[in-house]
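Architecture and fold: a report
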Amino acid sequence: MQALGVTWRKIASNIRGTSPVAYFRRAVKVAFSDKYLLYTNVTISISLSSLGDIMEQTYEIYTKEQDEYDFKRTMHMAFSGAAVGVLCHHWYKVLDKVIVGKTTDMVVKKLLLDQIIFSPIMIATFFGSVALFEENPLENFKEELKDKFITLYKAEWTVWPPAQIINFYFLPTRFRVLYDNTISLGYDVYTSQVKHSKD
């Protein structure tokens, strides 16, 4: 009888170990480990940049601004997501090494560095990475920076300070890009709209 109880306990622990919840926990642990974090961050950035563009195109089709989905456009936005994902991954690591701590003072310093230094780099990377696929990439890149940079930079100051306070104060480094991209989904819709607007 005692052996039977031990066997059932072993079976129960094996079932718990293979349940969907346990599997999900193990997958998250591996995905956000130091070994795979870069790949995870880039995958998240690609996926959500693509989704943001698809949502914007859905709206443009609904409002008759375009007739059908432009999947090349979505691929270009995905590529820009990859570039942004790599930069964000490294930026947050550097920022957390340079400014250590989660006091209000440290969070404000990180926020200011993020907005003043990194935001312009991200906007330039976004326009530059998408321009690579267009005719006359250098001319298009310069023109879009001139015409659209200020629009996106103003939006950055509206969206990101409150979001980044939460990011810098509460989250460990490994979850920063995931949080960033989750908040960024609505912002990706907007960047797609700004990038592809004719005005």
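Residues numbered from 1 in each chain as written. Predicted model: local features only at pLDDT ≥ 70, side-chain atom pairs only at ≥ 80, totals over all residues. Heavy atoms only, no water.

1. With respect to the overall build of the protein chain
Along its length, the protein chain carries seven helices and zero strands. Counting helices and strands in the order they occur from the N terminus, the protein chain gives α-α-α-α-α-α-α. The buried share of the protein chain, reckoned over its 199 residues, is 38%. For the protein chain, long-range pairs separated by at least 24 residues make up 71% of all intrachain contacts whose partners lie at least 6 apart in sequence. Accessible area for the protein chain stands at about 12,300 Å²; split by element, carbon and sulfur atoms hold 67% of it. (Helix = DSSP H or I, 4+ residues; strand = E, 2+ residues; numbered from the N terminus. Buried < 20%, exposed > 50% of the residue type's maximum accessible area, 1.4 Å probe, protein only. Contact = heavy atoms within 4.5 Å. Areas by Shrake-Rupley, 256 points an atom, 1.4 Å probe, with all protein chains shown as cover.)

2. Focus on the packing of helix α3 (residues 37–62) against helix α4 (residues 71–98)
At a minimum axis separation of 7 Å, α3 and α4 run at an interaxial angle of 145°. You can see that α3 and α4 cross each other, and the crossing is right-handed. Classifying every residue of the contact of α3 with α4 by side-chain character gives nine nonpolar, 10 polar and four charged. (Axes fitted to C-alpha atoms, helices over the stretch in contact; angles between N-to-C directions. Left-handed = near helix turned anticlockwise from the far one by under 90°. Nonpolar A, V, L, I, M, F, W, Y, C, P; charged D, E, K, R; others polar.)

3. Side note on the environment of Ser 49
Relative to the elements of secondary structure, Ser 49 occurs in helix α3. When its relative accessible area of 8% is taken as the criterion, Ser 49 is described as buried. Between the C-alpha atom of Ser 49 and that of Asp 188, which follows or precedes it by 139 residues, the distance is 5.9 Å. Ignoring sequence-local partners within four residues, the contact set of Ser 49 consists of Met 77, Gly 81 and Asp 188.

4. Comments concerning the packing of aromatic side chains
According to the stated counting rule, one finds nine aromatic pairs in the structure shown. Aromatic side chains Phe 79 and Phe 133 sit 5.1 Å apart centroid to centroid with 90° between the ring planes, which places their arrangement in the edge-to-face category. Placement of Phe 79 in helix α4 and of Phe 133 in the loop between α5 (104–131) and α6 (137–170) is noted, with a sequence separation of 54 residues between them. With a relative accessible area of 36%, Phe 79 lands in the partly exposed category. In textbook terms, an aromatic cluster arises when at least three aromatic residues are bridged by ring pairs, as seen for Phe 149, Tyr 153 and Trp 157. (Phe/Tyr/Trp six-rings, centres within 6.5 Å; stacked < 30°, edge-to-face > 60°.)

5. Some remarks on a nonpolar patch on the surface
The grouping of Val 108, Leu 112, Leu 113, Ile 116, Ile 117, Ile 121 and Trp 157 at the surface amounts to a nonpolar patch, some 570 Å² of accessible area in total. The dominant element in the nonpolar patch, judged by the number of residues it contributes, is α5, at six residues. Residue position: Trp 157 is located in helix α6. (Patch = residues over 30% accessible without salt bridge, like charges linked within 9 Å, V, L, I, M, F, W, Y side chains within 5 Å. Salt bridge = Lys/Arg side-chain N within 4 Å of Asp/Glu carboxyl O.)

6. Some thoughts on unusual backbone geometry
One non-glycine residue, Lys 64, adopts positive backbone phi at about 65°. Judged by relative accessible area, which is 70%, Lys 64 ranks as exposed. Its identity is not glycine, yet Asn 136 carries a phi of approximately 50°, on the positive side. Relative to the helices and strands, Asn 136 is located in the loop between α5 and α6. What makes Asn 136 partly exposed here is its relative accessible area of 46%.

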